[in-house]
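# Structural characterization, general
Here is what each chain is made of, one letter per residue.
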Amino acid sequence: PKLIKNVGCPYCGSSCDDIEVLVSDDETQIIDVHNACIIGNNLFHHANDPTRPRLPRMRQPDGSMKEIPYPEAIDWMAKTMLAAKKPLIYGFGSTNCEGMSAVARIAEKSGAVLDNCATICHGPSFLAIFDNGYPSCTLGEAKNRADVVVFWGCNPMHAHPRHTSRYSIFPRGYFTQKGQMQRTVISVDPRQTDTAKLADIHLMLDQGHDYELFDAFRTVMRGYDIPDVVAGIKKETIQEAVGIMKKARFVMIFFGMGCTHSDGRNHNVDHAISMVRDLNTFTKASIMAMRGHYNIAGPGQVWSWIFGFPYCIDLSKGTHAHMNPGETSSVDLAMRDEVDCFVNVGADAGAHFPIQAVQHLKKHPFIAVDPNFCMASEIADLHIPVRIAGVDEPGVVYRMDNVPIQFKAVIKGLPGVPSDEELFDMVYERMCELTNTQ
Ligand code: SF4
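Computed from a prediction, not measured in an experiment: that's the story for all the values here. (Residues numbered from 1 in each chain as written. Predicted model: local features only at pLDDT ≥ 70, side-chain atom pairs only at ≥ 80, totals over all residues. Heavy atoms only, no water.)

Assigned secondary structure in the chain consists of 18 helices and 21 strands. Here the C-alpha atoms of the chain give a radius of gyration of 23 Å, agreeing with the 22 Å that 2.2 N^0.38 yields for 438 residues. On the principal axes, the C-alpha backbone points of the chain span a range of 70 × 55 × 35 Å. Residues counted as buried form 55% of the 438 residues belonging to the chain. At a minimum sequence separation of 6, the contacts of the chain that also span at least 24 residues come to 67%. Of the charged side chains in the chain, 41 are positive and 51 negative; the average position of the first set lies 4 Å away from that of the second. (Helix = DSSP H or I, 4+ residues; strand = E, 2+ residues; numbered from the N terminus. Rg over C-alpha atoms; globule rule 2.2 N^0.38 Å. Buried < 20%, exposed > 50% of the residue type's maximum accessible area, 1.4 Å probe, protein only. Contact = heavy atoms within 4.5 Å. Lys, Arg positive; Asp, Glu negative; His and termini not counted. Charge placed at Lys NZ, Arg CZ, Asp CG, Glu CD.)

Below, the structure written as structure tokens:
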């Protein structure tokens, strides 16, 4: 067996790149995985699953799925996308940047809307960042400098299991040699999560009242009085938390869905960013979105270079890219039944979109591009399996702090199964053949 070191884990936004994988001599089987959390461990071992799909499957008139060869699937996808007036291509949290770049050509050629999972997670954060900037840093800086860590509306102990041990609570950094002993952890969450249990202070706010609490934090920070209770939290507790933050050497604020998807949404994040700016008049402070998937920061980077926008990119006008969340965002388009072909890539709209949106999408051709069986693949008209980025396909990924990392392939890909990039290139070439264009 061979031990491969410095492997990236293609699961959560922590994008751990210190995994060690023991593989068989012929590089077809994963034998053991070291350093990963239980989720990452399972993900690698799943690559050995003999039931992994190896051929595209097309829905038959009787509702069953029948395996078809790749050229047939590529031809169907190319023709279907060309025939559609406004296809929607969505997903990309779980694939590499090479795939995101290759799909852009298909999106342009078919006049599609190109969107990623941020549309249902950190989309509001993007809006706030457009308005108010992003005073952020790398996870390395957080580890080396932060002596006060705030988790606002996020629970890394479950969603990003090694975040606390690699970057935020436990690790010993350059200026934080004593690790957890040297850090004060504040959790702001309406639930008593496992992260909140680890925290020194837990502000159990009333659900949906984040905006008021940010307001109270900023008011206290500037030396003004506040009501005795704000968002269910006593004034003294807020004053204590703000006092700790002002006296810190470096405050790191991590925020998640509890902040971006509770009442206030982008306005909460706007306030959080302004709070970081306020804090920087007293000490040093930084803020970071807890991005969910290991490369969900990737489409924001790749498509911003190509189109100038990170998500909700409408290319249907054929002349320019247009972005207007609410109008060009996946769920809104689906709820208004405005798209006539849906391509789900490396995500699961079947599991994560509102049922009404899925019902509308299901009225039209529905294509799933995914290495695994998932809800989207099981309701699709065509499921095309691809290699698993980070396991049997290498590629570049952007960690939650927007640091690019080269992920490796640890085993050989399944024979005949293409990567996302190869598949999209073949679909593009077929579209060119069908339209006699380049
Ligand atoms: Fe993988 Fe996330 Fe676990 Fe790290 S914390 S090993 S990236 S699932």
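Further notes follow.
What follows concerns the sheet that holds strand S3 (residues 30-34). Reading across from one edge, S1-S2-S3 is the order of the three strands in this open sheet, with antiparallel pairing throughout. Looking at strand neighbours, the two that pair on one side only are strand S1 (2-7) and S3, the edges of this open sheet. Neighbour to neighbour, the strand axes of the sheet diverge by 20° on average, direction disregarded. As defined by bridge partners, S1 adjoins strand S2 (residues 19-23) across four bridges and the pair is classed as antiparallel. Across the sheet, Ile 4 pairs through a bridge with Val 21, a residue of S2. (Pairing = 2+ DSSP bridges. Axes fitted to C-alpha atoms, helices over the stretch in contact; angles between N-to-C directions.)

Quick look at the sheet that holds strand S10 (residues 201-203) now. Spatial strand order, S10-S9-S8-S13-S14: five strands in an open sheet with parallel pairing. Looking along the sheet, the strands with just one partner apiece sit at the ends: S10 and strand S14 (284-289). Taking the axes of each pair of neighbouring strands and ignoring which way they run, one obtains an average angle of 15° across the sheet. Pairing between strand S9 (residues 184-188) and S10: three bridges, direction parallel. Note on S10: the bridge partner recorded for Val 188 is Leu 203. Strands in contact with helix H9 (residues 210-221) are strand S8 (148-152), S9 and S10; relative to S8, the strand with the most contacts, it is inclined by about 155°.

A word on the pairing of S3. Pairing of S2 with S3, which is carried by four bridges, proceeds in the antiparallel orientation. Pairing of Glu 20 across the sheet is with His 34, part of S3. Between S2 and S3, which pair antiparallel in sequence order, lie six residues; one of them, Glu 27, sits at a positive phi of approximately 55°.

Next up on the list: helix H12 (residues 266-279). Here H12 is 14 residues long and its end C-alpha atoms lie 20 Å apart, about the 20 Å a rise of 1.5 Å per residue gives. Of all 14 residues in H12, eleven are buried; the element is thus mostly enclosed. Of all the positions in H12, only Asn 266, Asn 268, Val 269, His 271, Ala 272, Ile 273, Ser 274, Met 275, Val 276, Asp 278 and Leu 279 are classed as buried. (Expected span 1.5 Å × (residues − 1).)

What the rule picks out here adds up to 25 salt bridges. Between Arg 57 and Glu 378 there is a salt bridge, with the nearest N and O atoms lying 2.8 Å from each other. Of this pair, Arg 57 sits in strand S4 (residues 57-59) while Glu 378 is found in helix H17 (residues 375-379), placing the two residues 321 residues apart along the sequence. With relative accessibility at 11%, the residue Arg 57 sits in the buried group. Given the relative accessible area of 38%, Glu 378 is considered partly exposed. Between Asp 381 and Lys 362 there is a salt bridge whose closest N-O contact spans 3.9 Å. Of this pair, Asp 381 sits in the loop between H17 and strand S19 (382-384) while Lys 362 is found in the loop between helix H16 (355-361) and strand S18 (366-369), placing the two residues 19 residues apart along the sequence. A residue is classified by how much of its surface remains accessible, and Lys 362, at 33% relative accessible area, is partly exposed. Shared partners join several salt bridges into a network, and the residues in it are Asp 17, Asp 18, Arg 162 and Arg 166. (Salt bridge = Lys/Arg side-chain N within 4 Å of Asp/Glu carboxyl O.)

Any link to function would need more than the numbers given here.
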